[in-house]
Amino acid sequence: MKKVVLLGDGMIDVYHRCEVTRIAPEGPFPVLNELSSDYMLGGSFNVARQLLTFGFEVAPLVVLHDHQTFFKKYRLSSFREAQNYSKSLEFLFDSDIVSIKHRFTSLDKIIARWDIDSVAIPDHYDDLIISAVFEFKPDLIVFSDYNKGSLSDFLIKSVLSYASISNIITLVDPKPRADLGVYRGADVITPNLIEANLLMKSLGYLQNLDCSTILAILRDDLQIKRPVITLGSQGICCLNEFGDFVHSPVLQKDLFDVTGAGDAVISTLCYCLANDISLVDALAYANKAGGAVVGHLGNYCLSLEDIL
Ligand SMILES: Nc1ncnc2c1ncn2[C@@H]1O[C@H](COP(=O)(O)OP(=O)(O)OP(=O)(O)O)[C@@H](O)[C@H]1O
Ligand SMILES: [Mg+2]
């Protein structure tokens, strides 16, 4: 069983299924009556759950006040109880370092969202986390960066340089952050088009370059071995091993909920690279995965049958 370290920002997605009973007189805004609520793993926790389902041994970074109580509270204990879940990167803190996103739905449409962002992991945890990554001896390291403060620049750079000298495959799902150069040297990076343009800006290039130029810049300037750009309903693109531009289109799907599309892409690419599937073939699987996820409300967990 291949081993994956999952570094990133953990989240819980709460779906409140509501009915709109009336318009508030002090509004106008709708008054919601909750019918039921569902808790789902979000952010890096969603990627971790996906990789557990794909059969990896996964060590997710999880910093909480009390791990068992936390997952029990959100009715998500089965995540941590999976046989292939490793507690190697669990750390204790005064409070829970997790962002909570509440989504309110009515007639199966999301009508409002309320986010409670977590505090950052204090810098003095970096050395502990880096040592735990080394000790776990992963085959792959995935960064599911939502820039909520779990991953400091120092942590990302240190882990990437350790991985490159230890022949560990690294994949990064990036978010805009002050210094995007921290991802330098990763094997695979999967920005969406907006994030790719921000990367260009931070490297001093013009905006709105075409995708093949952006990919070549990511490869040459940021030394990303296999840069990928996700294009929403337009699919996904990369450069093949000869440096040619490859675009894999997606079958246009009715968009239900984009939550977790990027998580599905990074998890699927991780599975493919761990199983020696070429990046170009992996793009087609990643599109299938992204398409399956946007067709479901909430963070749909893919099975291998969904993508292969
Ligand atoms: N409307 C859509 N129809 C079909 N597939 C889609 C659609 N939107 C996204 N996808 C699939 O999901 C992948 C990732 O989507 P996108 O480029 O929007 O990533 P993202 O902005 O990083 O998403 P996220 O909000 O989850 O971070 C796409 O490459 C595609 O395969
Ligand atoms: Mg994304």
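Please refer to the structure higher up on the page.
Residues numbered from 1 in each chain as written. Chains lettered and ligands numbered in written order. Predicted model: local features only at pLDDT ≥ 70, side-chain atom pairs only at ≥ 80, totals over all residues. Heavy atoms only, no water.

1. A short note on the packing of aromatic side chains
At step 1: The final tally for this structure, using the stated rule, is eleven aromatic pairs.
At step 2: A ring pair is formed by F70 and Y74, whose centres lie 5.1 Å apart and whose planes are at 55°; its orientation type is tilted. For the pair formed by F70 and Y74, the shared burial category is buried.
At step 3: Residues F91 and Y125 carry aromatic rings whose centres are separated by 6.5 Å and whose planes lie at 80° to one another, so their mutual orientation is edge-to-face. One end of the pair, F91, is in strand β6 (residues 90-92); the other, Y125, is in the loop between β8 (109-116) and α4 (126-136), with 34 residues separating them in the sequence.
At step 4: Put simply, the rings of Y39, F45, F70, F71, Y74, F79 and Y85 pair up and form one aromatic cluster.
At step 5: Here the guanidinium or amino end of K3 rests over the ring plane of F136, the centre of that ring lying 4.5 Å away. (Phe/Tyr/Trp six-rings, centres within 6.5 Å; stacked < 30°, edge-to-face > 60°. Buried < 20%, exposed > 50% of the residue type's maximum accessible area, 1.4 Å probe, protein only. Helix = DSSP H or I, 4+ residues; strand = E, 2+ residues; numbered from the N terminus. Lys NZ or Arg CZ within 6 Å of the ring centre and 35° of its normal.)

2. Section: the sheet that holds β8
At step 1: Across the sheet, which stays open at both edges, the four strands sit in the order β3-β2-β7-β8 with mixed pairing between neighbours. Strand pairing shows two members of the sheet lacking a second neighbour, β3 (30-43) and β8, which therefore form its edges. This sheet shows a mean twist of 20° between the axes of neighbouring strands, independent of strand direction.
At step 2: Sheet strands in contact with helix α1 (residues 44-53) are β2 (10-23) and β3, and its direction is about 55° off that of β3. (Pairing = 2+ DSSP bridges. Axes fitted to C-alpha atoms, helices over the stretch in contact; angles between N-to-C directions. Contact = heavy atoms within 4.5 Å.)

3. Concerning the layout of surface pockets
At step 1: For the largest pocket, the calculated volume is near 1000 Å³.
At step 2: Counting residues per element, the ones that place at least two in the lining of the largest pocket are β2, β3, β7 (99-106), β8, α6 (193-202), α8 (261-274) and α9 (279-294).
At step 3: Per-element tally for the lining of the largest pocket: the top contributor is α9, with five residues.
At step 4: Residues of the lining of the largest pocket, tallied by class, amount to 16 nonpolar, 17 polar and eleven charged. (1 Å grid on protein atoms, 1.4 Å probe; cavity = no way out; pocket = protein on both sides within 12 Å on 5 of 7 lines; lining within 4 Å. Points joined across faces, edges and corners; volume = space filled by probe spheres on them. Nonpolar A, V, L, I, M, F, W, Y, C, P; charged D, E, K, R; others polar.)

4. Let's talk about the nonpolar core
At step 1: Counting residues in hydrophobic clusters, the biggest one holds 49 residues, and the most contacted among them are I12, L51, F56, F71, V142, L171 and L269.
At step 2: Setting aside residues up to four positions removed in sequence, L269 forms contacts with L171, V188, T190, V228, L279, A282, L283 and A286.
At step 3: Residues F93, I121, V159 and I224 belong to the second largest nonpolar core, which totals 46 residues. (Core = buried A, V, L, I, M, F, W, Y, C linked by side-chain atoms within 4.5 Å.)

5. Here we look at the sheet that holds strand β9 (residues 140-144)
At step 1: Strand order in the open sheet made by the eight strands is β4-β1-β9-β10-β11-β12-β13-β14, with mixed pairing throughout. Each edge of the sheet is formed by a strand with only one pairing partner; in this case those strands are β4 (57-60) and β14 (245-248).
At step 2: In this structure, strand β1 (residues 3-8) lies alongside β9, joined through five bridges in parallel fashion. Residue L7 lies in a different strand from β9, and its bridge partner there is F143.

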